[in-house]
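Breakdown of the fold
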Amino acid sequence: MQASGWVAVVIAGARLGFVPAARAAHFDYLYIEANAGGSSGGHAAIGFGEQVYHFQNRDGLLVLDRQTRRDFFHVYALLNNRTIQLSRVELLEADRELLHEQFKRRHQAQERQLDVLAAVREDRSLLE
């Protein structure tokens with residue numbers, strides 16, 4: 001096998017989860033089991049170190065929420081008494097950083113949009 005063929009096999013293997021240990025990284029997929037009442041459906045989140053991202057219904061809008069891992073586990077596991085299953089997903093460090101950056105950018109853009117929405121609602125209320 002030529003060197004370029006070997007490199008293609010290594011890259012394909014890394015994308016499929018066969019990550020060389022020296023360049024390995026991970027993110028956490030968190031599945032929160034359903035509970036009674038308002039928690040009758042399951043919930044999912046993605047964790048990058050101490051940051052956890054998950055979608056929430058906020059005033060009828062589906063928004064990407066970001067919490068510290070400690071706060072997230074406090075709310076879901078302790079206060080809501082829900083079981084959290086954690087799966088560690090391994091990938092290359094560069095791919096992990098790209099994924100994390102996308103979550104950060106989406107959250108920042110959304111926060112700006114929510115600020116604009118709040119200002120528009122305030123103006124509307126004033127005009128009424």
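Further up the page is the structure itself.
Summary of the structure given here. Keep in mind that what you see is a predicted model, and the values were worked out from it rather than measured. (Residues numbered from 1 in each chain as written. Predicted model: local features only at pLDDT ≥ 70, side-chain atom pairs only at ≥ 80, totals over all residues. Heavy atoms only, no water.)

Topic: the overall build of the protein
A tally of helices and strands in the protein yields three helices and five strands. Reading the protein from its N terminus to its C terminus gives the helix and strand order α-β-β-β-β-α-β-α. Relative to its full complement of 128 residues, the protein shows a buried share of 27%. Split by element, the accessible area of the protein, about 9000 Å² in all, is 55% carbon and sulfur. (Helix = DSSP H or I, 4+ residues; strand = E, 2+ residues; numbered from the N terminus. Buried < 20%, exposed > 50% of the residue type's maximum accessible area, 1.4 Å probe, protein only. Areas by Shrake-Rupley, 256 points an atom, 1.4 Å probe, with all protein chains shown as cover.)

Digging into the packing of aromatic side chains
Evaluated as defined, the whole model comprises six aromatic pairs. Pairing Phe72 with Phe73 gives two aromatic rings, centres 6.0 Å apart and planes at 75 degrees, and the pair type is edge-to-face. A residue is classified by how much of its surface remains accessible, and Phe72, at 0% relative accessible area, is buried. Ring centres of Phe72 and Tyr76 lie 4.7 Å apart, and the angle between their planes is 35 degrees; on these two criteria the pair is classed as tilted. Taken together, the positions of Phe72 and Tyr76, both in helix α2 (residues 69-79) and four residues apart, correspond to about one turn of that helix. Of the aromatic side chains, those joined through ring pairs into one cluster are Phe27, Phe48, Tyr53 and Phe103. (Phe/Tyr/Trp six-rings, centres within 6.5 Å; stacked < 30°, edge-to-face > 60°.)

Some points on the sheet that holds strand β1 (residues 24-32)
Ordered by their spatial adjacency, five strands build an open sheet running β4-β3-β2-β1-β5, and the pairing between neighbours is antiparallel. This sheet does not close on itself; its edge strands, each paired only once, are β4 (61-68) and β5 (84-92). Recorded for the sheet is a direction-independent mean angle of 30 degrees between the axes of neighbouring strands. Sheet topology places strand β3 (residues 51-58) next to β4; eight bridges connect them, and they run antiparallel. Residue pairing across strands places Tyr53 opposite Arg66, the latter belonging to β4. In the packing of α2 onto the sheet, the strands contacted are β1, β2 (43-48), β3, β4 and β5, and the crossing angle to β4 comes to about 115 degrees. (Pairing = 2+ DSSP bridges. Axes fitted to C-alpha atoms, helices over the stretch in contact; angles between N-to-C directions. Contact = heavy atoms within 4.5 Å.)

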